[in-house]
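Listed below, chain by chain, are the residues.
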Amino acid sequence: MRFRQNLVWLLLALALGAFIALDLGQFLSFEQLKASQAGFAQLHAQQPFTVAAVYFGVYVLATALSIPGAVIITLAGGAVFGLWQGLLLVSFASSIGATLAFLASRFVLRDWVEARFGQRLADINAGVNREGGFYLFTLRLIPVVPFFLINLLMGLTRMKTWTFYWVSQLGMLAGTAVYVNAGTQLAQLDSVQGILSPALLGSFVLLGLFPLIARRIVVAVQKRKVYARWADQRPQTFDRNLIVIGGGAGGLVSAYIAAAVKAKVTLIEAHKMGGDCLNYGCVPSKALIKSAKLAHQMRHASKYGLSDANPSFSFKAVMQRVHDVIKAIEPHDSIERYTGLGVEVLQGYGKLVNPWTVEVALNDGTTHRLTARSIVIATGARPFVPPLPGLNDVGYVTSDTLWDEFAKLDDIPKRIVVLGGGPIGCELSQSFARLGSHVTQVEMGARIMVREDVEVSELAKASLEADGVQVLTGHQALRCELVDGQKTLVVEHKGAEKRIVFDQLLCAVGRVARLQGYGLEDLGIPTHRTVDTNEYLQTIYPNIYAAGDVAGPFQFTHTAAHQAWYAAVNALFGEWKLFKADYSVIPWATFIDPEVARVGLNEQEAKERNIPYEVTKYGIDDLDRAIADSEAHGFVKVLTVPGKDRILGVTIVGAHAADLLAEYVLAMKHGLGLNKILGTIHTYPTMAEANKYAAGEWKRAHAPQKLLAWVKKYHDWRRG
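What you see is a predicted model; the values in this text were computed from it and never measured. For every chain, the first residue of the written sequence is number 1, and numbering continues from 1 along that sequence. Selection of residues for local features in this predicted model requires a pLDDT of at least 70, selection of side-chain atom pairs for listing and counting requires 80 or more, and totals for whole chains, interfaces and linings are taken over all residues. Think of the side-chain values as coming from all heavy atoms in the structure, minus any hydrogens and water.

## A closer look at the overall build of the protein
For step 1, the next point in the chain: Secondary structure elements are defined from DSSP: runs of H or I of at least 4 residues count as helices, runs of E of at least 2 residues count as strands, and each element is numbered from the N terminus. The secondary structure content of the protein amounts to 26 helices and 23 strands.
For step 2, the next point in the chain: The cut-offs for exposure are 20% and 50% of the maximum accessible area for each residue type, with area from a 1.4 Å probe on protein chains only; residues under the lower value are buried, those over the upper are exposed, and the others partly exposed. In the protein, which comprises 720 residues, the share counted as buried stands at 46%.
For step 3, the next point in the chain: Calculation of accessible area relied on Shrake-Rupley with a 1.4 Å probe; when residues are assessed, cover is drawn exclusively from the protein chains displayed. As presented, the protein carries roughly 35,900 Å² of accessible surface, and 60% of it is formed by carbon and sulfur atoms.

Right, dumping it as structure tokens:
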């Protein structure tokens, strides 16, 4: 590939060198064209097909090489062949030549540009995929924009070749007709500048702007149409600038931003401020994980030169600590804090009445109606409960309900069945096993943590099994049974049924967006598992936005907060500027022991998407700090562009993996490669050195061996 690229470079350089050395530019002057007009016309009369073929080939070659002089050649087409034949020849020759220049730019330059400006180019490509043809057509209509520059720049994008060709041919037709027609009047022209008068130039600019103006008109018409049924209900004035439904991460950040820019904002939350993360997810689970890890370390204290000890504890006290942690963090998300920031907080259920009005059924039994120019829906998600026969008979808990239900218990359940092999199921399975439960984890798929690479799934399974979890993959839950007070889960594996007796059953098979009860159906807002939004997080109503788990595609607290910025800013200032939500660098982690953290692509995703990559892997078992902490297990795996240090994705397995990942998130977000990480001083001894050593592994694999061989000879010579 590199050889072919270099060959194309060489041929282009030779062609341009010959053009300059032979002073071929003299034949592309206006004066030379006028002087040769009679000769060309006579030659065309004698050999019409040959002259037309040669002219066509010269035009294609000149355009493909981006040689200046296309205007002169176009005028020659009109002068020699007349308007219609000249227009036909120039139209196809210019489009074919432009496409060749487009392909040459793609073949020679795109990899180099992507390696250095990959993230910026990814954003451009996303726009090109949606509306590239439209904007190319607009640019082609304005002849003051250098066409050769358009050819080269479009070649750097992912635009389809056929799209580029036909849009170019159509878009350049008007300008081509003007120049070819001018060529038919060559004898009356004094200069090229005389062809385009200020009035004609202005006409072309207006012609180029017309599609943009037309598009704005179409958007306005569509907007008017979508609001048509509510036209008589639109308020003349609004009570608020923004109403936010939902007090989780997405809603809190949306309201915070609105208050920070001095907008009048109301936040509606029916239950607990802080949403799922504070009350049922991130915070309580991490508190439980910490207690479970300490119990595990006590049992294995000999790893640290101490005596192993069987931890004695009250399960009720452990669960009380979980609730104490929640209470300690609650003030960060409290009504008092947000009221102090300038947010009006209402406790109740909000429901859309029309695109500008929300009806709030307050918890005190009263009902209010509020109006706002914009609305953000941030209603979150809830655990999915599978339709398993007998499930209600035996009873179950979810990741939402277990904290209150288990807090009522004096002792930890002796036998727990966890349905689901995703991150939530894995974290809770390991934690309860470390606290003394006999845990059976049931996963219908072939492996747990299926979104990660196979080696990560296998390592996670081995870690859970080492803590006593019985991991049953490839087992499908069929039904639950309650016989003589004994609870049983019946599963199927390889055609045979198996019975698992339990005391508590935890459903952790995923979460679904909260879509019902908020008036979405009444307004006709489309939903498909999540609320349908565009890249600006707008629903079909441009003033109604969605953020967080209810909007997808990720169900993380940090992505909910990330989306909330876009939703709030667009809702408040979208009439001036809309910002597209950026999902290019999204990190996540599973807090089992060892932790699993990832950003960007892993190997299985790269293969599914046919993205070429190289793998660099550093084993944390070699890291000094990990050895000192008796945490010498896991790895850092980095995917890069072949031959380049540009990072495509990182997976880290090990202690504090989620914290170590932050350096790669920063690097990917700002286009920094492994060379920059390698050149950064990392404190010794820390776990963060693993990132530097991973970069060092990449550097070692890409060392210039031929150059080093000559360097060795130099050192040998220096020794005499």
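## A short note on the packing of helix 10 (residues 249-260) against helix 20 (residues 557-573)
A pair of packed helices can be characterised by two numbers: the angle between their axes and the separation between those axes.
For step 1, the next point in the chain: Lines fitted to C-alpha atoms define the axes here, with helix axes fitted over just the stretch in contact, and angles between the N-to-C directions of these axes take values from 0 to 180 degrees. Relative to each other, helix 10 and helix 20 sit at 40 degrees, their axes nearing to 8 Å. The angle between helix 10 and helix 20 places the two elements in the oblique class. Viewed along their axes, helix 10 and helix 20 form a crossing whose handedness is right-handed. Taking contact as the criterion, the partners of A249, G250, V253, S254, I257 and A258 in helix 10 are, on helix 20, T557, A560, A561, A564, W565, A568, V569 and L572.
For step 2, the next point in the chain: Classifying every residue of the contact of helix 10 with helix 20 by side-chain character gives eleven nonpolar, three polar and no charged. Relative orientations are named as follows: roughly parallel for angles under 35 degrees, roughly antiparallel for angles over 145 degrees, roughly perpendicular for angles from 65 to 115 degrees, and oblique for any other angle. Throughout, a crossing is termed right-handed when the near helix is turned clockwise from the far one, and left-handed when it is turned anticlockwise from it by less than a right angle. Any pair of residues with heavy atoms lying within 4.5 Å of one another is described as a contacting pair. By the convention adopted, Pro, Cys, Tyr, Trp, Phe, Met, Ile, Leu, Val and Ala count as nonpolar, Lys, Arg, Asp and Glu as charged, and the other residues, Gly among them, as polar.

## A short note on helix 17 (residues 423-434)
For step 1, the next point in the chain: By this rule, a helix spans an expected 1.5 Å times one less than how many residues it contains. In a regular helix each residue adds 1.5 Å, so twelve residues correspond to 16 Å; helix 17 covers 17 Å between its end C-alpha atoms and thus fits that length.
For step 2, the next point in the chain: G436 occupies a position one or two residues after helix 17 and carries a positive phi of about 120 degrees.

## Let's talk about the packing of aromatic side chains
For step 1, the next point in the chain: Aromatic contacts are taken between Phe, Tyr and Trp rings whose centres are within 6.5 Å, Trp giving its six-membered ring; a plane angle under 30 degrees counts as stacked, one over 60 as edge-to-face, and the others as tilted. Across all of its chains, the model carries 14 aromatic pairs by this definition.
For step 2, the next point in the chain: With centroids separated by 5.4 Å and ring planes inclined at 65 degrees, the aromatic side chains of F406 and F432 adopt a geometry described as edge-to-face. Taken together, the positions of F406 in helix 16 (residues 402-407) and F432 in helix 17 put the pair 26 residues apart, joining distant regions of the chain.
For step 3, the next point in the chain: Overall, F432 belongs to the buried group, its relative accessible area being 1%.
For step 4, the next point in the chain: Positioned above the aromatic ring of W588, the side-chain terminus of R451 is 4.8 Å from the ring centre.
For step 5, the next point in the chain: As a reminder, the over-ring test applies to NZ of lysine and CZ of arginine, requiring each to be within 6 Å of the ring centre and within 35 degrees of the ring normal. Stacked on the ring of W710, the Lys or Arg K713 has its end atom at 4.4 Å from the ring centre.

## Describing the nonpolar core
For step 1, the next point in the chain: Residues grouped as a nonpolar core are buried Ala, Val, Leu, Ile, Met, Phe, Trp, Tyr and Cys residues, joined through side-chain atoms within 4.5 Å. The biggest cluster of nonpolar side chains holds 38 residues, and the ones touching the most others in it are L288, L402, W403, F406 and F432.
For step 2, the next point in the chain: Counting only elements with at least two residues in this core, the list comes to helix 12 (282-299), helix 13 (315-329), helix 16, strand 8 (415-419), helix 17 and helix 18 (454-466).
For step 3, the next point in the chain: Contact partners of F432, with chain neighbours within four places excluded, come to L288, F315, L402, F406, I412, I416, S437 and V439.
For step 4, the next point in the chain: By size, the runner-up hydrophobic cluster in this structure holds 28 residues, among which are V358, L370, I377 and V531.

## Some remarks on the pattern of salt bridges
For step 1, the next point in the chain: Salt bridges are identified by distance alone: a Lys or Arg side-chain nitrogen within 4 Å of an Asp or Glu carboxyl oxygen. Counted by the stated rule, this structure contains 28 salt bridges.
For step 2, the next point in the chain: Across the pair E405 and K408 runs a salt bridge whose closest N-O atoms are separated by 3.4 Å.
For step 3, the next point in the chain: E405 sits in the partly exposed class, given a relative accessible area of 37%.
For step 4, the next point in the chain: By relative accessible area, K408 is classed as exposed at 56%.
For step 5, the next point in the chain: Across the pair R598 and E605 runs a salt bridge, and its minimum N-O distance is 3.1 Å.
For step 6, the next point in the chain: On the basis of relative accessibility, which here comes to 18%, the residue E605 falls in the buried class.
For step 7, the next point in the chain: One salt-bridge network, in which partners are shared between bridges, spans D453, E455, E603, K617 and K637.

## Observations concerning the sheet that holds strand 21 (residues 614-619)
For step 1, the next point in the chain: Judged by pairing direction, the sheet is antiparallel, and its five strands sit side by side in the order 19-20-23-22-21 without closing on themselves. With one partner strand each, in any of the chains shown, strand 19 (587-590) and strand 21 form the two edges of the open sheet. Neighbour-to-neighbour, the strand axes of this sheet turn through a mean angle of 10 degrees, independent of strand direction.
For step 2, the next point in the chain: Sheet analysis places strand 21 next to strand 22 (residues 635-640), joined by six bridges and oriented antiparallel. When DSSP finds at least two bridges between two strands, those strands are taken to pair.

## A few points about the sheet that holds strand 11 (residues 476-483)
For step 1, the next point in the chain: Taken in spatial order, the three strands line up as 11-12-13 in an open sheet, and their pairing is antiparallel. With partners counted over all chains shown, the strands left at the sheet margins are strand 11 and strand 13 (496-502), one partner each. The mean angle between the axes of side-by-side strands here comes to 25 degrees, regardless of whether they run parallel or antiparallel.
For step 2, the next point in the chain: Bridge count for strand 11 against strand 12 (residues 486-493) is seven bridges, and the pairing is antiparallel.

## Section: the side chain of N279
For step 1, the next point in the chain: Mapped onto the elements, N279 comes out in helix 11 (residues 275-279).
For step 2, the next point in the chain: A polar atom in the side chain of N279 sits 3.3 Å from the backbone oxygen of M273.
For step 3, the next point in the chain: Within the structure, the side chain of N279 is placed 2.8 Å from the backbone oxygen of G275, a separation counted as a polar contact. In the analysis that follows, any N or O atom pair within 3.5 Å is treated as a polar contact, provided that within protein one partner can donate a hydrogen and the other can accept it, and provided that, for residues neighboring in sequence, both atoms belong to side chains.

## Structural notes on unusual backbone geometry
For step 1, the next point in the chain: With omega at 5 degrees, the peptide bond leading from D593 into P594 counts as cis.
For step 2, the next point in the chain: Within the element layout of this structure, P594 appears in the loop between strand 19 and strand 20 (595-600).
For step 3, the next point in the chain: The omega angle of the peptide bond from Y684 to P685 is -10 degrees, so this bond is cis rather than trans.
For step 4, the next point in the chain: Locating P685 in the fold gives a position in the loop between helix 24 (674-678) and helix 25 (689-701).
For step 5, the next point in the chain: Non-glycine residue K262 carries a positive phi angle of around 65 degrees.
For step 6, the next point in the chain: Within the element layout of this structure, K262 appears in the loop between helix 10 and strand 2 (265-269).

## With respect to the packing of helix 12 against helix 17
For step 1, the next point in the chain: For the pair helix 12 and helix 17, interaxial distance at closest approach is 8 Å and the crossing angle is 45 degrees. One finds that helix 12 runs oblique with respect to helix 17. In the packing of helix 12 onto helix 17, the handedness of the crossing is left-handed. For the pair formed by helix 12 and helix 17, the contact residues are S285, K286, L288, I289, A292, K293, A295, H296 and R299 on the first element and E427, L428, S431, F432 and R434 on the second.
For step 2, the next point in the chain: A class-by-class count of the residues in the contact of helix 12 with helix 17 yields six nonpolar, three polar and five charged.

## A word on the environment of R337
For step 1, the next point in the chain: Here R337 lies in helix 14 (residues 335-341).
For step 2, the next point in the chain: A relative accessible area of 37% places R337 in the partly exposed class.
For step 3, the next point in the chain: What R337 contacts, discounting residues up to four positions off in sequence, is Y256, P331 and H332.
For step 4, the next point in the chain: Here the side chain of R337 touches H332 through a polar contact of 2.8 Å, landing on its backbone oxygen.

## Observations concerning the side chain of T640
For step 1, the next point in the chain: Turning to its location among the elements, T640 is positioned in strand 22.
For step 2, the next point in the chain: Excluding anything up to four places from it in sequence, T640 contacts Y613, E614, D645, R646, I647, L648, L674 and W698.

## A short note on helix 25
For step 1, the next point in the chain: If you check helix 25, its first and last C-alpha atoms are 19 Å apart, about what 13 residues at 1.5 Å a residue would give, namely 18 Å.
For step 2, the next point in the chain: The complete set of buried residues in helix 25 reads E689, A690, N691, A694, A695, G696 and W698.
For step 3, the next point in the chain: On its buried face, helix 25 is in contact with strand 21, strand 22, strand 23 (647-654), helix 23 (657-669) and helix 24.

## A short note on the state of the cysteines
For step 1, the next point in the chain: Disulfides are defined as cysteine sulfur pairs within 2.5 Å. Considering all chains together, one arrives at zero disulfides under this definition.
For step 2, the next point in the chain: No disulfide involves C480; its nearest neighbouring cysteine sulfur is the one of C507, lying 7.7 Å away.

## Details of the environment of V439
For step 1, the next point in the chain: For V439, the position within the fold is in strand 9 (residues 438-443).
For step 2, the next point in the chain: Judged by relative accessible area, V439 falls into the buried class, the value being 0%.
For step 3, the next point in the chain: For the pair formed by V439 and V471, sequence separation is 32 residues and the distance between their alpha carbons is 8.5 Å.
For step 4, the next point in the chain: What V439 contacts, discounting residues up to four positions off in sequence, is I416, V418, S429, F432, A433, G468, V469 and Q470.

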